[in-house]
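# Survey of secondary and tertiary structure
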There are 2 protein chains.
Amino acid sequence: MTEQKPRDPDGFHQHLHDIQDLLARQQLVESLEHRQNMPHRALVETITHKQNLARLSRKLERLHPADIARILEALPLADRWFVWDLVRADKDGEILLEVSDAVRATLLRTMDPDELKAVAESLDADELADLAPDLPSEIVQDVFDSLDQKEQERVRAAMSYPEGTVGALMDFDMVTVREDVTLEVVLRYLRRFEALPDHTDKLFVIDRDDRLHGVLTLESLLINAPETQVGQVMKSRSLVTFGPDDDANVAATAFERYDLVSVPVIDDDRRLIARVTIADMVDQIREESEAEIFSHAGLREEEDIFASVIQSVKNRWAWLAINLVTAFLASRVIDLFQDSIEKLVALAALMPIVAGIGGNAGNQAITMIVRALAMGQVEPSGMWRLLRKEAGVALINGLVWGGVVGALAWWLYRDPSLGLVMTAAMTLNLLLAATAGVLIPLIRQRLGRDPALGSSVLITALTDSGGFFIFLGLATLFLL
Amino acid sequence: MTEQKPRDPDGFHQHLHDIQDLLARQQLVESLEHRQNMPHRALVETITHKQNLARLSRKLERLHPADIARILEALPLADRWFVWDLVRADKDGEILLEVSDAVRATLLRTMDPDELKAVAESLDADELADLAPDLPSEIVQDVFDSLDQKEQERVRAAMSYPEGTVGALMDFDMVTVREDVTLEVVLRYLRRFEALPDHTDKLFVIDRDDRLHGVLTLESLLINAPETQVGQVMKSRSLVTFGPDDDANVAATAFERYDLVSVPVIDDDRRLIARVTIADMVDQIREESEAEIFSHAGLREEEDIFASVIQSVKNRWAWLAINLVTAFLASRVIDLFQDSIEKLVALAALMPIVAGIGGNAGNQAITMIVRALAMGQVEPSGMWRLLRKEAGVALINGLVWGGVVGALAWWLYRDPSLGLVMTAAMTLNLLLAATAGVLIPLIRQRLGRDPALGSSVLITALTDSGGFFIFLGLATLFLL
């Protein structure tokens, strides 16, 4: 395959360029008029300006809220606010739900209480629950008070489940039917709807007490004869359902495995509360993996690329501080061997190699095991088998790569015993990395902690300090 | 929130435990019988053994192929093969499509040509195309020859698009209708189906030449009056469609943004070729993010947790080799300053701190910028703005954290100028990290390369060698 110019199949880059172009012209017009010393109000009234604005508005009106959200994320603050002002008020809510948390904060900052209230009023119960933490509490309370009792209950329900549970992702909009009616009746019932809820691939069959008896897929509704009863063709056995307290990631993997589009959420008495859809699950999967990537890189959360320097510093300082502490500890280990380094200064040049390879191998092992734990592929009882295997990998890598580096050290410093110490230290540090790579996540899992959190920092700290200690210790014992 | 025992909402862990339990009993029976010196054939015939096997088979028969796939992934090789033998032959294909590449190889190894052929014959065109690279080519050819011409074309089409394109994920199973019929006719037509293709949320409206005129969502079909014509209620404007050459990741983000379930794939003449569904997109999103996590950790690909030591070594050696080279280069930089370290051995203890913090800050910057590039939020023209911002972040971090570490160095080694050099070196290395963190991905993007690939290795190599050089260089100039 040859390298190609990246294609733009969904036209996003074209939209972005058009808008950036219109914004640039806008700025040019303003700066020209400014130079002619026109007062600012008159300037806004000029014809070119107005034409430009009209074209920008028309362009924005035609875009999907999700695309406007992406464009806002890609614009620097001044342009972002300018475009945000132009976006038609009725899309505000959808756009706010689509942008990243960091960008949402920059948009909300520009809105006055009346606008915020108008946005909050336009949202469904589950959407209001999503946005509520970012809105002023008086406004949320006002809007909440204006809802009917059923909606209030839904908002309360959605807000009562913590992030990361199925409850926090519930959607209350769904179609329910009774099992003793015919498909003909269901078809007539559906024709009374103006629209079906998004991602309706099945109707929920409930009784008078809201208890879930089964699901009627649109497929069954469509392929079966109209005189069939719902109860005859509904699916009621081995039905996938969730409780609102279930882990959202576990739910997401169930969607993945069984190729689901929507799943009912029921309480302990099998009463239907709401449903979750694949759209929320896709967001969940994306957010989960991004959180993992960000935390690997030591970013607290997704960062607005146009955030101020101070906000970026805040997002990044915690990880830097932790790493400074571990680097400082490693530095103290080296300090213990000052005398040895003074006598054989080659040690200073070689020691980072031992520490570095240990960190890399440790990260390989721990990443694999954290993932296997998350997938339920490893039980703590499988520890010995994993330890044996990782130790085997470490031994081979230590002898091969340690041997190569040892030979290089021998050749560079004309000292065969220095080479041997190098090989031995690398092998031992790789064994340390393998052991820690298996034990850290398994022990944390057994203690009920998240095995992934900070695993990379921990293992790197251990293999750095450990690598310096092993190498300098062996050198002190055998070379000096 | 208090820590809880992880829940098992989908019952997977329970299934896995049941099967492990049955397997353990099986082994116990075998070992007991073995001690009584029964010949192996007689042993297989014993009653307990048979009962156990029957229970295991029943258990497996009730499970979804995706769950059997996960269970196979969680079993060591001997158990895995034992269970694989028990699984009913008609599920083989689906299970093989669900397991990871590494585990698939271990399963295929145990199958004879006839079994492989039976599996291949049970697959749809797109599934056969997926599995073909892992099957012996004679078998693929045999099965291919036995297909009718339309199916052969489909297999050829699906196999002709490289991984990572929409074409490689196409599904040929779909329902098409004409625009001049009424919904009543469509409803009658659908009742002739035994089942609809998975994820049918819309029917495709085509003309005699297979050209796509629009889509009829099941929603429109259900909410509109039966006498309405398809052409009146089909959606034909701003339709999301893909070409088979489109990037699968771009397609996946379109599914995410517009909350889609299925999308038609058309050729340059708007002729309908196939469709892609959210199920394939979810797999795509998951694989993409896992590939990112694996490559961060330096694993070539997903690893079978029960892989042999040799296979694991193969999966991991490339990254270790690259890192050895960069560590070796850093070691040569240190070697340049042997004399300085001999005179002031504190330098050896302090230098890893300078290198380490540079690597961390560089990884933070590069991760953010690679992601912003992938999301289309940064154009190469935005380089200066980003450089200014990252330099600002680096300056603040350098003065704050560099100041802290400088003060510590002063206190530990009673040497104020050593502290000053430390602060200066940390600030300069952070500035280097910031500059490289912005420039490396932007330049690679401009050269048409993947900005993410190996970005972490590159920046760490630079900040390690750079950090040693800056710190030891400044120390040599000002302290000695």
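Residues numbered from 1 in each chain as written. Chains lettered and ligands numbered in written order. Predicted model: local features only at pLDDT ≥ 70, side-chain atom pairs only at ≥ 80, totals over all residues. Heavy atoms only, no water.

In this section: empty space enclosed by the protein. Tallied over the entire structure, the rule returns nine cavities of 30 Å³ or more. The computed volume of the largest cavity comes to approximately 1100 Å³. For the largest cavity, the lining is made up of 45 residues, of which A:N360, A:T460, B:N360, B:N363 and B:T460 are closest to its centre. Every residue along the wall of the second largest cavity is listed here: A:M368, A:R371, A:A372, A:Q377, B:E73, B:S100, B:V103, B:F294, B:E302, B:E303, B:D304 and B:I305. In terms of residue count, helix α19 (residues 346–374) of chain A provides more of the lining of the second largest cavity than any other element does, three residues in total. (1 Å grid on protein atoms, 1.4 Å probe; cavity = no way out; pocket = protein on both sides within 12 Å on 5 of 7 lines; lining within 4 Å. Points joined across faces, edges and corners; volume = space filled by probe spheres on them. Helix = DSSP H or I, 4+ residues; strand = E, 2+ residues; numbered from the N terminus.)

Okay, the relation of the copies chain B and chain A next. Once chain B has been moved 0.0 Å along the axis and rotated by 180 degrees, it coincides with chain A to within an RMSD of 0.1 Å. The transformation relating the two chain copies, once decomposed into turn and shift, fits a two-fold axis. Comparing interface residues between copies, 99% of those in chain B also lie at the interface in chain A; the contact surface is shared. (Least-squares fit on C-alpha atoms with pLDDT ≥ 70 in both. Contact = heavy atoms within 4.5 Å.)

Time to look at the pattern of salt bridges. Pairs can form between side chains of opposite charge once their charged atoms are near each other. All names here are of chain A. As enumerated under the stated definition, the model contains 38 salt bridges over all chains in all. With a closest N to O distance of 2.7 Å, R80 and D304 form a salt bridge. Taken together, the residues R80 in helix α5 (residues 77–86) and D304 in the loop between α16 (278–297) and α17 (309–336) connect sequence positions 224 residues apart. Using a relative accessible area of 0% as the deciding quantity, one classes R80 as buried. Note that R275 is salt-bridged to D171, the shortest N-O span being 3.1 Å. Taken as a pair, R275 in strand β5 (residues 272–277) and D171 in the loop between α11 (149–160) and β1 (176–177) lie far apart in primary sequence, 104 residues in all. On the accessibility criterion, D171 (13% relative accessible area) is buried. (Salt bridge = Lys/Arg side-chain N within 4 Å of Asp/Glu carboxyl O. Buried < 20%, exposed > 50% of the residue type's maximum accessible area, 1.4 Å probe, protein only.)

All names here are of chain B. Put simply, helix α21 (residues 416–446) and helix α22 (residues 455–478) touch, their axes get as near as 9 Å, and they point 150 degrees apart. Here α21 is positioned roughly antiparallel relative to α22, judged by the angle of their axes. Relative to α22, α21 is oriented so that their crossing is right-handed. Along its contact with α21, which presents V421, M422, A424, A425, L428, N429, L432, A433, A436, G437, I440 and R444, the element α22 presents L458, I459, L462, T463, G466, G467, I470, F471, L474, A475 and F478. (Axes fitted to C-alpha atoms, helices over the stretch in contact; angles between N-to-C directions. Parallel < 35°, antiparallel > 145°, perpendicular 65-115°, else oblique. Left-handed = near helix turned anticlockwise from the far one by under 90°.)

Under the feature "transmembrane region" (unreviewed entry), the UniProt entry names residues 317–334, 346–370, 391–413, 419–443 and 455–479 of chain A. End C-alpha to end C-alpha, residues 455–479 of chain A measures 35 Å, and it is 100% helix and 0% strand. (UniProt positions renumbered as here; feature names shortened; annotations may be inferred.)

Looking now at unusual backbone geometry. Despite not being glycine, A:R414 shows a phi value in the positive range, around 50 degrees. Its location among the elements puts A:R414 in the loop between α20 (383–413) and α21 (416–446). Owing to a relative accessible area of 63%, A:R414 belongs among the exposed residues under this scheme. Backbone geometry places B:D259, a non-glycine residue, at a positive phi of 50 degrees.

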